[in-house]
Amino acid sequence: MNKMEIKFDALSQNEAFARLAVSGFILYKNPGINDMEDVKMAVSEAVTNSIIHGYNDGGVVRIYCELNGNELMVMVEDHGKGIEDIALARKPLYTTRPQEERSGMGFTIMEAFMDRIIVESEKGKGTKITMYKELK
Amino acid sequence: MKIDSNITGNTIVVNLFGDVDHHSTDIIKNHIYKNLTPDIKNMIINLEGVEFMDSSGIGMILGRYKEMSEKMGTVSVTGIRGNMERIYTLSGLYRIIKSYDTVDEAIEAVKAQAGVYK
Ligand SMILES: Nc1ncnc2c1ncn2[C@@H]1O[C@H](COP(=O)(O)OP(=O)(O)OP(=O)(O)O)[C@@H](O)[C@H]1O
Ligand SMILES: [Mg+2]
């Protein structure tokens with residue numbers, strides 16, 4: 001097992017860093033270009049959600065990854081405001097910020113690009129997204 | 001992220017380069033607002049130079065579509081491929097925003113709508 005952890009300020013300029021950090025972590029496994037791109041996409045969605053929805057004015061986003069053989073686990077965690085209704089939030093096109101040009105596709109994209117995702121959240125405490133993908 | 005644009009007649013071609021994410025969508029919107037004049041009726045968003053785009057890009061394109069539609073204008077995209085194409089399909093954007101391989105093809109299509117392209 002190999003693991004990695006990073007913490008960074010919930011600022012939009014760190015979104016690119018987060019995607020590249022996770023894709024860099026799995027690089028030694030020689031994953032296909034598709035897997036690399038899929039992981040970047042899912043990480044970007046989860047991290048952007050923590051920055052936009054989790055925190056209003058600043059906070060810290062934590063990413064924790066594990067590689068067990070070829071199975072990647074990525075956890076994206078914030079201590080922001082949490083999600084009231086997780087089932088509703090995961091529905092395609094559902095967004096609480098339509099006035100900000102959000103399309104409500106983040107969770108749908110994470111589900112489509114990773115093998116499995118687990119959403120844990122508590123109002124006022126924060127949100128933890130755990131995603132799994134078998135690298136090919 | 002880098003961005004430039006050029007205007008021919010009543011069509012603006014917006015060329016995007018690099019990553020289109022939540023961080024860069026504000027930069028893109030500001031550039032478009034600065035260059036968009038009331039007489040521009042067609043917008044072609046060229047993604048040929050884009051290396052990464054997530055749902056923030058989908059929201060940004062949808063936002064431009066809504067604004068152009070309000071003034072009876074059009075929005076089309078070019079250079080969509082790979083995962084960009086997957087999220088374009090997944091979000092249903094392909095049903096309302098036309099996609100072309102190249103900017104030239106998109107311009108031809110705009111011209112074909114009689115009288116819109118001068
Ligand atoms: N980390 C989070 N903290 C609090 N609320 C969240 C978090 N992540 C998601 N949500 C809630 O779940 C909703 C759906 O998230 P999703 O990513 O699917 O769509 P979106 O972020 O609104 O739009 P898009 O991802 O297309 O830009 C959000 O609108 C928000 O209300
Ligand atoms: Mg989102």
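Up top you'll find the structure we're talking about.
Residues numbered from 1 in each chain as written. Chains lettered and ligands numbered in written order. Predicted model: local features only at pLDDT ≥ 70, side-chain atom pairs only at ≥ 80, totals over all residues. Heavy atoms only, no water.

Attention now moves to the nonpolar core. With 33 residues, the main nonpolar core has Ile-63, Leu-72, Val-74 and Met-131 of chain A as its most contacted residues. Going through the elements one at a time, strand 1 (2–9), helix 1 (15–25), helix 2 (33–54), strand 2 (60–68), strand 3 (71–78), helix 4 (106–113), strand 4 (116–122) and strand 5 (126–134) of chain A are the ones with two or more residues in this core. Tallying contributions element by element places helix 2 of chain A first for this core, with 7 residues. Beyond its immediate chain neighbours, meaning those up to four positions away, Ile-63 of chain A contacts Met-4, Glu-5, Ile-6, Phe-8, Ala-18, Val-22, Val-43, Val-47, Val-74, Met-75 and Val-76 of chain A. Judged by nonpolar contacts, the second largest core, of 30 residues, contains Met-41 of chain A together with Val-14, Ile-58 and Ile-97 of chain B. (Core = buried A, V, L, I, M, F, W, Y, C linked by side-chain atoms within 4.5 Å. Buried < 20%, exposed > 50% of the residue type's maximum accessible area, 1.4 Å probe, protein only. Helix = DSSP H or I, 4+ residues; strand = E, 2+ residues; numbered from the N terminus. Contact = heavy atoms within 4.5 Å.)

The next thing to look at is the sheet that holds strand 4 of chain A. Residues and elements named next belong to chain A. Pairing within the open sheet is antiparallel, and its 5 strands lie in the order 1-2-3-5-4. The outermost strands of the open sheet, each flanked by one partner alone, are strand 1 and strand 4. Across the sheet, the mean angle separating the axes of adjacent strands is 10° when strand polarity is ignored. Pairing between strand 1 and strand 2: 8 bridges, direction antiparallel. Directly across from Asp-9, in strand 2, lies its bridge partner Val-60. (Pairing = 2+ DSSP bridges. Axes fitted to C-alpha atoms, helices over the stretch in contact; angles between N-to-C directions.)

This part covers the sheet that holds strand 1 (residues 2–8) of chain B. All names here are of chain B. With respect to topology, 5 strands assemble into an open sheet ordered 1-2-3-4-5, the strand pairing being mixed. In the strand order of this sheet, the two ends are held by strand 1 and strand 5 (98–100), each with one partner. Strand after strand, the sheet turns through a mean of 25° between neighbouring axes, direction not considered. When strand 3 (residues 42–53) meets strand 4 (residues 74–78), the two strands line up parallel, connected through 5 bridges.

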